[in-house]
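Now for the letters of each chain:
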Amino acid sequence: MQRNPILRVEGLRTTFTSDDGEVVAVDDVSFDVNEGEIVGLIGESGSGKSVTALAVMGLLPKTTSHVTAERIMFDGRDLAHASERELRRLRGGSIGMIFQEPMSSLNPVLKIGDQLIEPIRIHERISYRAAFDRGVELLTKVGIPSPVQRMNDYPHQLSGGMRQRVMIAIALSCSPKLLLADEPTTALDVTIQAQLLDLLLEIQAETKMAIVLITHSMGVIAECADKVVVMYSGRIAEQGPVTEIFDRPGHPYTKGLMQCTPELTGNSRRLTTIPGTLPSLSALPPGCRFAPRCDLAQPDCVAGRPPMIAIGKEHASACIRADELVVSAAQPEGAEV
Ligand SMILES: Nc1ncnc2c1ncn2[C@@H]1O[C@H](COP(=O)(O)OP(=O)(O)OP(=O)(O)O)[C@@H](O)[C@H]1O
Ligand SMILES: [Mg+2]
């Protein structure tokens, strides 16, 4: 079935002004999210995942950041050139968001109920009573016991997992077409993480909203996503359908991430880590930014920015050796490159 993009990001670039001068945190990032699709955005800490999501929503601080894009098409509108008013109307309306830090995203001095009711009333202009009932319905949907009582609680009266459920309820309150979920479960223990992911998947199956799911975990991607966008140091290293990428990773960085994931290797003793760290934004290496950490690097890798090479249907990698990698992945039994 051919699905249409609900979000199309083209040539997104974000710079920050810091003491070291201007740094480029997101550099020419393009990807599509189709209607009803879950797209995983993965990469190590600092790779630009949150900045990408915040830039799309127009939520970065105007004083220290500068966002440009050829286009950011959402549901027929170009967010890259939308007014602040239009963006505000979309946020919490057609686009829901769950942020990385639930503690700081809920207002500590407002009751849960008021935080749920406010966006509903702003976006739908319905009575307080109707919005209250909707709030209770949403809390029930996200699995919060005694929802009517909970409407009167303050965030500190809830556990971390419950607070994140409230965040999900708020994000869903206006039936968004797209949900941006930035590490919605990272701060929670593993059992709660799994429960919340299941909850998100259940709701997605019912509402058919599209989700951009930001995560550190290839395991989460394997479980939830249709497509994956792998980011490294502000750029896209590889993107494509999850099954394609897991069968035939076309970038050494993606391969490295997969080898760090116990659920994927099926053998925790064979787990590896990717040696080295992400480069500083103020001292980015020339050419491929992953080259200093890459076993396969060769002189051409640092000669210039590697182009995105198509290696399958909707599958592309920014590695000049992508073809070799894909071929070796297709070979049986321990074929190493
Ligand atoms: N407001 C800001 N001002 C200056 N630099 C910033 C700002 N926000 C983010 N950055 C820088 O942009 C880069 C990308 O940050 P971002 O928060 O997007 O990473 P991330 O991939 O979301 O990491 P994590 O997995 O830790 O959440 C980092 O180098 C970060 O230091
Ligand atoms: Mg982040």
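What counts as what
Residues numbered from 1 in each chain as written. Chains lettered and ligands numbered in written order. Predicted model: local features only at pLDDT ≥ 70, side-chain atom pairs only at ≥ 80, totals over all residues. Heavy atoms only, no water. Helix = DSSP H or I, 4+ residues; strand = E, 2+ residues; numbered from the N terminus. Rg over C-alpha atoms; globule rule 2.2 N^0.38 Å. Buried < 20%, exposed > 50% of the residue type's maximum accessible area, 1.4 Å probe, protein only. Contact = heavy atoms within 4.5 Å. Areas by Shrake-Rupley, 256 points an atom, 1.4 Å probe, with all protein chains shown as cover. Lys, Arg positive; Asp, Glu negative; His and termini not counted. Charge placed at Lys NZ, Arg CZ, Asp CG, Glu CD. Axes fitted to C-alpha atoms, helices over the stretch in contact; angles between N-to-C directions. Parallel < 35°, antiparallel > 145°, perpendicular 65-115°, else oblique. Left-handed = near helix turned anticlockwise from the far one by under 90°. Nonpolar A, V, L, I, M, F, W, Y, C, P; charged D, E, K, R; others polar. Salt bridge = Lys/Arg side-chain N within 4 Å of Asp/Glu carboxyl O.

1. So, the overall build of the protein
Then step 1. Broken down by element type, the protein carries 13 helices and 13 strands.
Then step 2. By the compact-globule yardstick of 20 Å for 337 residues, the protein fits well, its C-alpha radius of gyration being 21 Å.
Then step 3. With respect to the three principal axes, the spread of C-alpha positions in the protein is 65 × 45 × 45 Å.
Then step 4. The burial tally for the protein puts 50% of its 337 residues in the buried class.
Then step 5. Considering only contacts within the protein whose residues lie at least 6 apart along the sequence, 63% involve residues at least 24 apart.
Then step 6. Taken as a whole, the protein presents about 16100 Å² of accessible surface, with 52% of it coming from carbon and sulfur.
Then step 7. Computing the positive centroid from 33 side-chain charges and the negative centroid from 41, the protein places the two 5 Å apart.

2. Some remarks on unusual backbone geometry
Then step 1. Positive phi, close to 45°, is recorded for Ser146, a residue that is not glycine.
Then step 2. Within the element layout of this structure, Ser146 appears in the loop between α5 (128-141) and α6 (147-150).
Then step 3. Under the relative-accessibility criterion, Ser146 is labelled partly exposed at 42%.

3. A closer look at the packing of helix α4 (residues 112-124) against helix α7 (residues 160-172)
Then step 1. Between α4 and α7, the least distance of the axes is 9 Å, while the angle of their chain directions is 20°. On the basis of their axis angle, the class for α4 and α7 is roughly parallel. The way α4 lies across α7 gives a crossing that is right-handed. Contacts from Ile112, Gln115, Leu116 and Pro119 of α4 reach α7 at Val166, Ala169 and Ile170.
Then step 2. Of the residues assigned to the contact of α4 with α7, the class counts are 6 nonpolar, 1 polar and no charged.

4. Topic: the pattern of salt bridges
Then step 1. For the coordinates displayed, the defined rule picks out 20 salt bridges.
Then step 2. The partner of Asp28 in a salt bridge is Arg305, and the shortest N-O contact between them spans 3.7 Å. Pair noted here: Asp28 is in strand β2 (residues 21-34) and Arg305 is in the loop between α12 (262-265) and β12 (309-312), with a separation of 277 residues, a long-range link.
Then step 3. When its relative accessible area of 39% is taken as the criterion, Asp28 is described as partly exposed.
Then step 4. Among the ionic pairs, Arg293 bridges to Glu44, the shortest N-O distance being 3.0 Å. With Arg293 in the loop between α12 and β12 and Glu44 in the loop between β3 (38-42) and α1 (49-56), the pair connects residues that are 249 residues apart, well separated along the chain.

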